[in-house]
Amino acid sequence: ACTGIENIDEAITLLEQNNWDLVAAINGVIPQENGILQSEYGGETSHGPAYGPTSHSTTASSTPSSSSAFRYVVPSRQIVERQPRMLDFRVEYRDRNVDVVLEDSSTVGDIKHILENELQIPASKMLLKGWKTGDVDDSTVLKTLHLPKNNSLYVLTPDLPPPSSSHSGALQESLNQNFMLIVTHREVQREYNLNFSGSSTIQEVKRNVYDLTSIPVRHQLWEGWPPSATDDSMNLAAAGLTFPCHRLTVGRRSSPVQTREQSEEQCTDVHMVSDSDGDDFEDATEFGVDDGEMFGVASSALRKSPMMPENAENEGDALLQFTAEFSSRYGDCHPVYFIGSLEAAFQEAFYGKARDRKLLAIYLHHDESVLTNVFCSQMLCAESIVSYLSQNFITWAWDMTKEANRARFLTMCTRHFGSVVAQTIRTQKTDQFPLFLIIMGKRSSNEVLNVIQGNTTVDELMMRLMAAMEIFSAQQQEDIKDEDEREARENVKREQDEAYRISLEADRAKREAQEREMAEQFRLEQIRKEQEEEREAIRLSLEQSLPPEPKEESTESVSKLRIRTPSGEFFERRFLASSKLQVVFDFVASKGYPWEEYKLLGTFPRRDVTQLDPNKSLLEVKLYPQETLFLEAKE
């Protein structure tokens, strides 16, 4: 009666979306300005809505004692027109959030056009995800999805490269990316889809093209290289190529003078390639290619070219041809196949840091299976599958059509996965191909999580990929935890080792300082001993050189000197009055007080005797008949 919704399924859907809250469900359908909900009758005049049943409305308005908990009041008008329902969308893209408000009569494409203006991303490059009713297309009307008022969506852009924080970071990221080069051979109108890492050089591309076209590098005439690609030694990441795909054209550089025979020979080669059976053109539709899209020269050659050469010596070269042939058959939208050996694919997927590890998907192709074309064109090349594989898997491929290649893969399979898995693949019939193996790397071995056969659907394939991803994510979290704990232990050990090293260096420095101090003390002690020995030698020499002390009863004039030391001791000696003052100095020095370090002072008058002429006699310097002197250290 309030909303005019007569479809019971639609009503129940609205109630479920609002957790069975009746008021919220009605207010979500009818704008608040068009009417109000009241929980009690308040004496207002009520009119039944024009789109409700007449008898029911009349009864509801005329019976005050109705058991209904709510009634709808239409202010000042008899007929309520249902207003368009407005839907709010919060759209998340990387680190941005965009709010979009639209009527429920709008389409999904209208949302994309609004996002195109806000995010500056072409609508054709957007994948709008988060619909609770499954994937929708641009023409889907929002009303048919029975959406709640508030919705959350997110945008994926698998065809656009992720943003980078700096030029150096972008260059490093480009070095790790794979570039798809679509090279057109001008003379025969054939395309080659070649995968190269960003670290590959332009010279390497030209050499690979020489292997495919037989045009020597010096004779190659290119179109499509960016202006910045001026040096063949430049890597692709720095050459300014369009990511992830870049188109190039190569032809043979014509000589200034070309003979008529050479021209006829080239024409003959082209006609020889063109004169192929018409049956090949009839089979071209199996690959989803119309006759109008096939060049006469290339179509027969493409159909007859194997996916992989038989008995290929180098797995990387074989994968290059596989990728090129796969692209020529099924288009450019396909998984990015790892170019290299199976061991290299293991290394890339399993043996990095735990956070960088991925699952390994092995695609086994078989041209003779009736399921191959459908599986490749409709499932393996579906955008959702390609995007999911590129984000979460390392994809490696092999062609099982030729017996030699089949045997080679079974040998590799036995070596890496064991005989049980190899026997499982060996027993698969041709019509069960192609196969898709999901491999997860473990600590001690590689485990095959799933073997997907060709008779599947896109939804089933995606479901099984996601199931494998859940198992892998749980194991990856454990590996990350173990790795973090191991790194923490190693960091602690490194810190302990560093602290021990610093302690050893400190002990060694302390020991060396002590040794230096001891050596210095020893040196000083030796010097002191040498000085003491030298002084003792001088003292003894002076003592021996002194003239004998005259006796008291000597007839000659005798001077008696009493000398006080700095320690307060006294010593006395008699000298001849005619003796030189130097004799007194020598006597004092022989007692351990050299005149270079001490001065000899007189008392009355106070004078410095050491300043007198040492060659004068004691009588001349008035140290006769007796005198008291005292020693004082020089400053």
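Here, every reference points to the structure presented above.
Residues numbered from 1 in each chain as written. Predicted model: local features only at pLDDT ≥ 70, side-chain atom pairs only at ≥ 80, totals over all residues. Heavy atoms only, no water.

Caption draft 1: Inspection of the sheet that holds strand β17 (residues 598-602) at higher detail. If you walk across this open sheet you meet the 5 strands as β16-β15-β19-β17-β18, and the pairing is mixed. Lying at the two open borders of the sheet, with one neighbouring strand each, are β16 (570-576) and β18 (607-608). Here strand β15 (residues 558-564) pairs with β16 via 7 bridges, running antiparallel. From the neighbouring strand, Arg562 faces β16, where its bridge partner is Glu572. Helix α17 (residues 581-590) contacts β15, β16, β17 and β19 (626-633) of the sheet and is inclined by roughly 150° relative to β16. (Pairing = 2+ DSSP bridges. Helix = DSSP H or I, 4+ residues; strand = E, 2+ residues; numbered from the N terminus. Contact = heavy atoms within 4.5 Å. Axes fitted to C-alpha atoms, helices over the stretch in contact; angles between N-to-C directions.)

Caption draft 2: Layout of unusual backbone geometry. Here Phe243 and Pro244 are connected by a cis peptide whose omega angle stands at 5°. Residue position: Pro244 is located in the loop between β9 (220-223) and β10 (245-252). In this model, Tyr624 is joined to Pro625 through a cis peptide bond whose omega is 0°. Tracing the backbone through its elements, the reader meets Pro625 in the loop between β18 and β19. Positive phi, close to 60°, is recorded for Gln120, a residue that is not glycine. Looking at the element boundaries, Gln120 is found in the loop between α4 (108-119) and β5 (127-129). One non-glycine residue, Gln189, lies in the positive phi region at around 55°.

Caption draft 3: Looking closely at the packing of aromatic side chains. As enumerated under the stated definition, the model contains 21 aromatic pairs in all. When the ring of Phe346 is compared with that of Phe350, the centres are 5.6 Å apart and the planes differ by 20°; the resulting orientation is stacked. Highlighted residues: Phe346 and Phe350, both in helix α11 (residues 342-350), separated by 4 residues, approximately one helical turn. Exposure class is identical for Phe346 and Phe350. Each is buried. (Phe/Tyr/Trp six-rings, centres within 6.5 Å; stacked < 30°, edge-to-face > 60°. Buried < 20%, exposed > 50% of the residue type's maximum accessible area, 1.4 Å probe, protein only.)

Caption draft 4: Region of the structure containing the pairing of β16. On β16, burial follows the alternation: Phe571, Arg573 and Phe575 on one face are buried, whereas Phe570, Glu572, Arg574 and Leu576 on the facing-out side are not. Counting the residues between successive antiparallel strands, the hairpin from β15 to β16 contains 5 residues, one of them, Gly568, with a positive phi of roughly 100°.

Caption draft 5: Spotlight on the nonpolar core. Core analysis: the largest hydrophobic core is formed by 58 residues, its most contacted members being Leu360 and Trp396. Setting aside anything within four residues of it in sequence, one finds Leu360 in contact with Leu342, Ala345, Phe346, Ala349, Phe350, Phe393, Ile394, Trp396, Leu437, Ile438 and Ile439. (Core = buried A, V, L, I, M, F, W, Y, C linked by side-chain atoms within 4.5 Å.)

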